[in-house]
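Residues per chain are reported as follows:
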Amino acid sequence: MKGQIFKIHSDFYYVDTVQGTYECKIREVLKKRKDAIVVGDFVELEQLNENSKQAFVSKVLPRKSFIPRPKVANVNQVIIVCALKEPELDFEQLNRYLSFCEYYNLHPVLCFNKNDLEGEEEIIAKIKKIYEPLNYDIIFTSALEGNGIQDFKALLKDRTTVLCGSSGVGKSSITNALQENVQMETGEISKKLKRGKHTTRHSQVIPVGHDTYLMDTPG
């Protein structure tokens, strides 16, 4: 039986298969692997018994892609989420994310969230001036008001997409707006530090449509 690891918690590996979800441990031989098993890996399972939803992961199938930080596999698109304000847009950090995508040969999309705040016209003009000539896909959203969410969802179709971005930019809020099956914890921006707290504590694969998956990751 084959499936994909969609969550790892403590020593348990949660695997999605056509027969349903299995809570798994890994065989001892796999614990000695130098390249650890990660969220997104496709694996083969050995059921404990015919009626059990528990199994052992016996084999890891070849990866199509791998990102070492955070460790996720089989991604083909990265959506870099930034906030227009609260926290302030960090162009240097954004460019580091873009360099990361280029290095790992992953398709990047730029998402600028919190498009509901006042006084963002100047920063939007600057974004378009810098990144439109480079032919990056750019989308503006407001997870709070739902603006741009359907356009965002269209970009995910038939892909496995990982979200990346600094804490507080709205990754979990966007994930919650896209689907109802898995609701992620969200946090507020610290008025003192002008930045958010990390609310995503582990990577997780979330289905948002047929052959369409979203990976929410810490930071």
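The structure under discussion appears in the preceding block.
J.: Explain the packing of helix α4 (residues 149-156) against helix α5 (residues 171-178) here, please?
T.: When two helices pack together, their arrangement is captured by the angle between the axes and the distance separating the axes. At a minimum axis distance of 10 Å, the contact between α4 and α5 shows a crossing angle of 85°. With respect to their mutual orientation, α4 and α5 come out roughly perpendicular. Along its contact with α4, which presents Ile149, Phe152, Lys153 and Leu156, the element α5 presents Ile174, Ala177 and Leu178. A breakdown of the residues in the contact of α4 with α5 according to their chemical character gives six nonpolar, no polar and one charged.

J.: Got a minute to help me understand unusual backbone geometry in this structure?
T.: The bulk of non-glycine residues show a negative phi, and the bulk of peptide bonds are trans. Note that the residue after Glu86, namely Pro87, is joined by a cis bond; omega there is 5°. Within the secondary structure, Pro87 sits in the loop between β8 (77-83) and α2 (91-103). Although it is not a glycine, Asn105 sits at a positive phi angle of roughly 55°. Summarising the element assignment, Asn105 is placed in the loop between α2 and β9 (107-113). The phi angle at Asp211 is positive, at roughly 55°, despite the residue not being glycine. Structurally, Asp211 can be placed in the loop between β14 (204-209) and β15 (212-216).

J.: Help me understand helix α3 (residues 121-131), please; the structure alone is not making it clear to me.
T.: An α-helical turn contains 3.6 residues, so a residue and the one three or four places further along point in the same direction. Every buried residue of α3 is accounted for by Ile123, Ile124, Ile127 and Tyr131. Along the axis of α3, the buried positions cluster into a sector of 105°, meaning they face one direction only. Exposed residues on α3 whose side chains face more than 90 degrees from its buried face are Glu121, Glu122 and Lys129. In this fold, the buried residues of α3 make contact with α2, β9 and β10 (137-140).

J.: What is the right way to read the packing of aromatic side chains from this model?
T.: Two measures describe an aromatic ring pair: the distance that separates the ring centres and the angle between the ring planes. Enumeration over the complete set of coordinates arrives at six aromatic pairs. Taking 4.9 Å as the distance between ring centres and 50° as the angle between the ring planes, the aromatic pair formed by Phe100 and Tyr104 counts as tilted. What makes Tyr104 partly exposed here is its relative accessible area of 28%. Three or more aromatic residues link up through ring pairs in this structure, and these residues are Phe91, Tyr131 and Tyr136. Across from the ring centre of Tyr14, 5.1 Å away, lies the NZ or CZ of Lys7, which sits over that ring. Sitting over the ring of Phe12, Lys25 keeps its end group 4.4 Å from the ring centre.

J.: I'm lost on the pattern of salt bridges in this one. Help?
T.: Oppositely charged side chains are able to pair whenever their charged atoms sit close together. Throughout the structure, instances matching the rule amount to three salt bridges. One salt bridge in this structure joins Glu46 and Arg27, with 2.5 Å as the shortest N-O distance. One end of the pair, Glu46, is in strand β4 (residues 42-47); the other, Arg27, is in the loop between β3 (20-26) and α1 (28-31), with 19 residues separating them in the sequence. Among the residues examined, Glu46 registers a relative accessible area of 35% and is labelled partly exposed. When the shortest N-O distance is used, the salt bridge between Asp41 and Arg63 registers 2.7 Å. Highlighted residues: Asp41 in the loop between α1 and β4 and Arg63 in the loop between β5 (54-60) and β6 (66-68), separated in sequence by 22 residues. Since its relative accessible area comes to 0%, Asp41 is described here as buried.

Rules behind the numbers
Residues numbered from 1 in each chain as written. Predicted model: local features only at pLDDT ≥ 70, side-chain atom pairs only at ≥ 80, totals over all residues. Heavy atoms only, no water. Axes fitted to C-alpha atoms, helices over the stretch in contact; angles between N-to-C directions. Helix = DSSP H or I, 4+ residues; strand = E, 2+ residues; numbered from the N terminus. Parallel < 35°, antiparallel > 145°, perpendicular 65-115°, else oblique. Contact = heavy atoms within 4.5 Å. Nonpolar A, V, L, I, M, F, W, Y, C, P; charged D, E, K, R; others polar. Buried < 20%, exposed > 50% of the residue type's maximum accessible area, 1.4 Å probe, protein only. Arc of directions from axis to C-beta. Phe/Tyr/Trp six-rings, centres within 6.5 Å; stacked < 30°, edge-to-face > 60°. Lys NZ or Arg CZ within 6 Å of the ring centre and 35° of its normal. Salt bridge = Lys/Arg side-chain N within 4 Å of Asp/Glu carboxyl O.

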